[in-house]
Structure formats: C-alpha cells, structure tokens
Amino acid sequence: AQSVTQLDSQVPVFEEAPVELRCNYSSSVSVYLFWYVQYPNQGLQLLLKYLSGSTLVKGINGFEAEFNKSQTSFHLRKPSVHISDTAEYFCAVRKSGATNKLIFGTGTLLAVQP
Amino acid sequence: DGGITQSPKYLFRKEGQNVTLSCEQNLNHDAMYWYRQDPGQGLRLIYYSQIVNDFQKGDIAEGYSVSREKKESFPLTVTSAQKNPTAFYLCASSQHQENTEAFFGQGTRLTVV
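Each chain has its residues counted from 1, running along the sequence as written. Working convention: letters from A go to chains and numbers from 1 go to ligands, in the order in which they are written. The model is predicted, so local features are restricted to residues of pLDDT at least 70 and side-chain atom pairs to those at 80 or more, both for listing and for counting; the totals for chains, interfaces and linings are taken over all residues. Note that the side-chain values use all heavy atoms of the structure and ignore hydrogens as well as water.

Caption draft 1: Region of the structure containing the sheet that holds strand E1 (residues 4–7) of chain B. Residues and elements named next belong to chain B. Strand order in the open sheet formed by 4 strands is E1-E3-E8-E7, and the pairing between neighbours is antiparallel. Either end of the sheet is taken by a strand with one partner, and the two such strands are E1 and strand E7 (64–66). Sheet twist, expressed as the mean angle between neighbouring strand axes with direction ignored, is 20°. Pairing analysis gives 3 bridges linking strand E3 (residues 19–25) to strand E8 (residues 76–78), with the strands arranged antiparallel. Considered in E8, the bridge of Thr 20 is made with Thr 77. Here, any two strands with at least 2 DSSP bridges between them count as paired. By definition, any uninterrupted DSSP run of H or I lasting at least four residues is a helix, any uninterrupted run of E lasting at least two residues is a strand, and each is numbered from the N terminus. Inter-axis angles, ranging from 0 to 180 degrees, are taken between N-to-C directions of lines fitted to C-alpha atoms, where helices are fitted over the stretch in contact.

In structure tokens form, the structure reads like this:
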C-alpha cells in the first residue's frame, strides 16, 4: 500500500538556523510529491511540488525540496528560518496511473524560537 | 476570487444529531475530497469524487455520507453513526489530472456537545 512517513512530529529550531523536515514514501510506481503548510485553524497551502524533471524543487517562502528516487525521500529544507515559519508541514503523494487520491503524512510541527 | 469555501467555520452538534458541512468551489475542478484532521494523525481521507454523481469511500468513510449533484458542490453529512465526530474537517478540490495539486478550503471545526 502507498504511504507517506514523516518521522519527526515536531522540530524545534532557533530563528535564522537551517532546517530540514523529512519525508519518505513507499510506492512501486512513479509518484507526484507535494509539501503543504498549515497555519493554526486554517486550510493547507501548497509550498512546492515535484512532478518530473529536476530533482531540486524550489517553492514559496524560501523553501526547497529534493526528490531522491533511490531513497524514496522528498525532504523539505530552508537555509534560514523565521518566526513566521512556525506552522505544521505536511508531505503528500499521489501515485502515477492511479485514482486521484492524495495521501498525506502525519505532519511535522516546525517550532521556530527566537 | 477563485477558491474553495467551507461553511460554517465552527459548528456545534448535540450527540445523536446529523449535521451537514458545506463545500463549494468555483475553480471548475472535477475532483473534490473530504479529509478529517485530528492532532497527531495528519489528514485522513473520508470520501472523494472525481466526477458529478460519482464518489468513492476513502479510508474512514464509516459514519459519513456525501453527495455530488453539482460540479461545484460536495457536502459532507456527519451522521449519528460516527462515534467520534469532533474534529477539523477539510475540503479540497483538484483538476482530474494526476500531476496536479489539491486546493484546500479553510476548514470547519466540528464539536459534539
């Protein structure tokens, strides 16, 4: 079965430090990968997506992610975080050739401290 | 502005009552979804619809029902059979192609009192 794993439920980090949020997926076929951000009591907003081509994907708010097919990973990175980046981040996958179900990980709370 | 509108934002329900959550989109998307969000469990798929008058159960459909009579609308009914309905509910939509992202509404927080 297709699944998405976000190993870290919470990542504390100081302001202006770099951060990496990890995401691994399981699938035997090609996938499309997404990262979303959710601020408290709001819906989800797309940060970036990997569809094909370059494995390094740049998104909004200075975030980027790298698709690694051999390690089935799609980790999210930012070189310098701000207080305003405090939010929950979700990794999601949609399998190629299947129904349009979008499967989400359990989320990682990024807590930026001054 | 194009987008997805969920209403109401907050909803209180007495035990044993059915309640319907509204979701409307003006993005001309074929596919629509309902997710349930609980702390520490991420988003779990309740129902999804790829076309008008057709929908499929997701991973946690028990105690829920949906309809898709119009392309723009995908209401979710939380029935009295749902044992633990208190949660944050998110509606989303996307184009039918698999290489497209989903767009989300602002959510409805349902509390059973």
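Caption draft 2: Layout of a nonpolar patch on the surface. Surface patches are defined over residues having more than 30% relative accessible area and no salt bridge, joining like charges when they lie within 9 Å and nonpolar side chains (Val, Leu, Ile, Met, Phe, Trp, Tyr) when within 5 Å. Every accessible area reported is derived by Shrake-Rupley at a probe size of 1.4 Å, with residue values counting cover from the shown protein chains alone. One speaks of a salt bridge when a side-chain nitrogen belonging to Lys or Arg is within 4 Å of a carboxyl oxygen belonging to Asp or Glu. A contiguous nonpolar surface patch, about 370 Å² in accessible area, is contributed by Tyr10(B), Phe12(B) and Val113(B). Assignment of secondary structure puts Val113(B) in the segment after strand E11 (108–112).

Caption draft 3: Main features of the packing of aromatic side chains. Centre distance within 6.5 Å is the pairing criterion for rings of Phe, Tyr and Trp, where only the six-membered ring of Trp is used; planes under 30 degrees apart are then read as stacked, over 60 as edge-to-face, and the remainder as tilted. One pass over the structure, following the stated rule, counts 12 aromatic pairs over all chains. Look at Tyr36(A) and Phe104(A): their rings are 5.7 Å apart centre to centre, the planes differ by 50°, and that puts the pair in the tilted class. One end of the pair, Tyr36(A), is in strand E5 (residues 31–38); the other, Phe104(A), is in strand E11 (residues 103–104), with 68 residues separating them in the sequence. Here Tyr36(A) and Phe104(A) have matching classes, each one buried. An angle of 65° between the planes, with centres 5.9 Å apart, marks the rings of Tyr64(B) and Tyr89(B) as edge-to-face. Remark: Tyr89(B) occurs in strand E9 (residues 87–94) and Tyr64(B) occurs in strand E7; sequence separation between them is 25 residues. Under the scheme applied here, a residue whose accessible area is under 20% of the maximum for its type counts as buried, over 50% as exposed, and between as partly exposed, the area being computed with a 1.4 Å probe on protein chains only.

Caption draft 4: Looking closely at the interface of chain B and chain A. The contact criterion used is simple: two residues touch if any of their non-hydrogen atoms lie within 4.5 Å. The interface is formed by 27 residues belonging to chain B together with 24 residues belonging to chain A. Each partner contributes to the roughly 2000 Å² buried at the junction of chain B and chain A, and carbon and sulfur atoms together form 48% of this total. Taken together, the connections running from chain B to chain A amount to 1 salt bridge. Across the pair Glu101(B) and Lys49(A) runs a salt bridge whose closest N-O atoms are separated by 2.8 Å. As used in this structure description, the phrase polar contact means that two N or O atoms lie within 3.5 Å; if the pair is within protein, one of them must be able to donate a hydrogen and the other to accept it, and residues adjacent in sequence are counted only when both atoms belong to side chains. At the junction of chain B with chain A, the criterion picks out 8 residue pairs in polar contact (both at pLDDT 80 or more). Of all the secondary structure elements, the ones that give two or more residues to the side of chain B that touches chain A are strand E4 (31–38), strand E5 (42–51) and E9 of chain B. The element contributing the most residues to the side of chain B that touches chain A is E5(B), with 5 residues. Polar here means any residue outside two lists: the nonpolar Ala, Val, Leu, Ile, Met, Phe, Trp, Tyr, Cys and Pro, and the charged Asp, Glu, Lys and Arg; Gly therefore counts as polar. Per-class residue counts for the side of chain B that touches chain A are 10 nonpolar, 13 polar and 4 charged. What gets called buried area is simply the loss in accessible area from a 1.4 Å probe that two parts show on being joined, summed for both.

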